[in-house]
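# Per-entry structural report
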Amino acid sequence: MSMKTTAASPKEVYVWDPLVRIGHWIIVITFFTAYITEDDPLTVHVWAGYVLGTVVLLRIVWGFVGPTHARFTDFVYPPATVLGYLRNLLSLRAKRYLGHSPAGGAMTVALLIFLTATVFSGLVLYAIEENAGPLARVVANSPATIAVPLLAENAHASDDEQKRGEADEEDEQAEERWEELHEFFANFTLLLVLLHVAGVFFASYAHRENLAKAMITGQKAQRGRWRACRQADR
């Protein structure tokens, strides 16, 4: 009777650390939770955004101080390298990378940027609409908002009402602009996610490895099991 072992196979190497793996799936869950709930219920939407923003911030910091394959220096490549990899991938001749490929690295950076923009625009919108959240005080002290109490002391009642109406109109316009920005960033991020999923499936096929599974176990094959991978390892 053989003893069961939890050690990784000699043909596999540990690539993705727990923060990268757990953070990846938390981002997936919280983004889709926030996207589906939108404003109903608002509490779920807001807290999903808080968790999402926190994990994205941690991932960005981890990109500078984390282990080798978690760092930006390991997977940020020049545009020419990214385009070259994509061209070779379409012909099933792309070099295999142990960490993120050039295209995977570019997508990771793009997702982090647009996730950050989505969360930030959501926080601003939440502050404008509900006067709540970490940016509420900043938004409340913006010129368009503080104009009303200042005018009450320095203008006649009729002028004050007119200026108050103008300030309210400015607030509504600002709210509309931030709402449009928030929706744009969220929808564009969703598009990036769909492209990312398609890329993962295609790269998994091209390199004959399960990249989604690797983001769960943290392990990848040390050498490729297909012709393109063997050529890359020479």
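Above: the structure in question.
Residues numbered from 1 in each chain as written. Predicted model: local features only at pLDDT ≥ 70, side-chain atom pairs only at ≥ 80, totals over all residues. Heavy atoms only, no water.

### Re the overall build of the chain
- Of the regular secondary structure elements, the chain holds 10 helices and 2 strands.
- Each helix and strand of the chain, ordered N terminal to C terminal, gives the series β-α-α-α-α-α-α-α-α-α-β-α.
- Of all 234 residues assigned to the chain, the portion counted as buried reaches 35%.
- Summed over all atoms, the accessible surface of the chain reaches about 14600 Å², with 63% contributed by carbon and sulfur. (Helix = DSSP H or I, 4+ residues; strand = E, 2+ residues; numbered from the N terminus. Buried < 20%, exposed > 50% of the residue type's maximum accessible area, 1.4 Å probe, protein only. Areas by Shrake-Rupley, 256 points an atom, 1.4 Å probe, with all protein chains shown as cover.)

### Quick notes on the packing of aromatic side chains
- The final tally for this structure, using the stated rule, is 13 aromatic pairs.
- Judged by centre distance (5.4 Å) and plane angle (75°), the ring pair of Phe31 and Phe32 falls under edge-to-face.
- Classification of Phe32 by relative accessible area gives partly exposed; the value is 31%.
- By way of ring pairs, the aromatic residues Phe114, Phe184, Phe185 and Phe188 are connected into one cluster. (Phe/Tyr/Trp six-rings, centres within 6.5 Å; stacked < 30°, edge-to-face > 60°.)

### Let's talk about the side chain of Arg96
- Structurally, Arg96 is set in the loop between α4 (79–90) and α5 (102–130).
- Judged by its relative accessible area of 6%, Arg96 falls in the buried class.
- For Arg96, the side chain forms a polar contact with the side chain of Glu209, separated by 3.0 Å. (Polar contact = N/O pair within 3.5 Å; in protein donor to acceptor, adjacent residues only side chain to side chain.)

### What about the environment of Leu181?
- Checked against the element boundaries, Leu181 lands in helix α8 (residues 157–207).
- Its relative accessible area of 36% is what places Leu181 among the partly exposed residues.
- Spatially, the C-alpha atom of Leu181 lies 8.9 Å from that of Ala117, the residues being 64 residues apart in sequence.

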